[in-house]
Amino acid sequence: DTEVTQTPKHLVMGMTNKKSLKCEQHMGHRAMYWYKQKAKKPPELMFVYSYEKLSINESVPSRFSPECPNSSLLNLHLHALQPEDSALYLCASRQSGTTSYEQYFGPGTRLTVT
Amino acid sequence: TQLLEQSPQFLSIQEGENLTVYCNSSSVFSSLQWYRQEPGEGPVLLVTVVTGGEVKKLKRLTFQFGDARKDSSLHITAAQPGDTGLYLCAGAGAGNNRKLIWGLGTSLAVNP
């Protein structure tokens with residue numbers, strides 16, 4: 001099973017709202033990722049968690065707050081977003097270890113900030 | 001800084017035609033992955049190539065990794081409308097598999 005699930009599928013939020021995106025995988029992967037993607041562009045890395053610890057933050061604004069409650073779950077908390085934050089937010093996971101390269105993506109959450 | 005140049009950026013062809021997409025870099029990669037993405041969905045992994053000179057086939061798709069592990073190509077034979085989508089190459093740098101270096105993508109439209 002190479003499935004990564006994400007909820008919700010679509011989210012519309014105002015600039016003063018607080019919302020959360022959720023990601024789950026049951027492949028035993030110990031590296032999990034958040035990406036932001038604009039239309040017809042490659043994914044832009046936001047955060048990487050390795051063994052439930054934040055290992056990479058690509059200088060993401062503090063209005064995005066990641067959380068990894070356990071090895072299967074990854075959340076992205078959103079607060080005071082801007083319209084330019086509207087995008088497809090993708091979660092991915094990778095099996096840990098130095099010889100594993102493949103990242104498996106979820107279907108994404110389409111976020112619209114009004 | 002490692003970069004992956006992907007070409008062409010856009011491609012519109014008729015059903016039945018062949019096409020090739022290229023990913024090139026001046027840097028060596030430990031591995032290179034090809035993904036296909038449909039609108040509103042996440043990228044789906046098609047293949048990973050690891051060994052220089054490696055060729056992998058997936059039905060009508062042929063993937064090649066350059067001998068020096070700096071470039072890769074994706075060839076589609078007899079394209080079908082179902083092949084339409086965004087094709088992305090992504091490379092893992094030597095000694096660092098936590099981050100992928102992404103090409104800009106090739107948006108392919110196959111017209112019936």
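Residues numbered from 1 in each chain as written. Chains lettered and ligands numbered in written order. Predicted model: local features only at pLDDT ≥ 70, side-chain atom pairs only at ≥ 80, totals over all residues. Heavy atoms only, no water.

Chemist: Quick one: what's the story with the state of the cysteines, residue by residue and with numbers?
Modeler: In the structure shown here, the tally under the stated rule is two disulfides over all chains. Linked covalently through their sulfurs, Cys23 of chain A and Cys91 of chain A form a disulfide whose S-S length is 1.9 Å. Taking the sign of the S-S torsion, -65 degrees for the link of Cys23 of chain A and Cys91 of chain A, the bridge is left-handed. Here Cys23 of chain A is found in strand β3 (residues 18-25), whereas its partner Cys91 of chain A is found in strand β9 (residues 87-94), with 68 residues between them in sequence. In this pair, the class of Cys23 of chain A matches that of Cys91 of chain A, namely buried. The disulfide partner of Cys23 of chain B is Cys89 of chain B, and the gap between their sulfur atoms is 1.6 Å. (Disulfide = S-S within 2.5 Å. Helix = DSSP H or I, 4+ residues; strand = E, 2+ residues; numbered from the N terminus. Buried < 20%, exposed > 50% of the residue type's maximum accessible area, 1.4 Å probe, protein only.)

Chemist: Kindly report on the pairing of strand β8 (residues 73-79) of chain A, identifying the contributing residues and their values.
Modeler: Residue and element names in this part refer to chain A. Bridging between β3 and β8 involves seven bridges; their strand directions are antiparallel. Bridging across to β8, Lys22 finds its partner in Asn75. Of the pairings in the sheet, the one linking strand β7 (residues 64-70) to β8 comprises five bridges and is antiparallel in character. Residue Asn70 lies in a different strand from β8, and its bridge partner there is Leu73. Count of turn residues in the β7/β8 antiparallel hairpin: two residues. (Pairing = 2+ DSSP bridges.)

Chemist: Break down the pairing of strand β4 (residues 29-37) of chain B for me, with residues and values.
Modeler: Residues and elements named next belong to chain B. Counting buried positions over the nine residues of β4 gives nine, a clear majority of the element. Two strands pair when backbone bridges link them, and β4 and strand β9 (residues 85-93) are joined in this way by eight bridges, in the antiparallel orientation. Bridge assignment links Trp34 to a residue of β9, and that residue is Cys89. Bridging between β4 and strand β5 (residues 44-49) involves five bridges; their strand directions are antiparallel. Note that in β5 the partner of Gln33 across the bridge is Thr48. Between the end of β4 and the start of β5, which pair antiparallel, lie six residues, with Gly40 showing a positive phi angle near 80 degrees.

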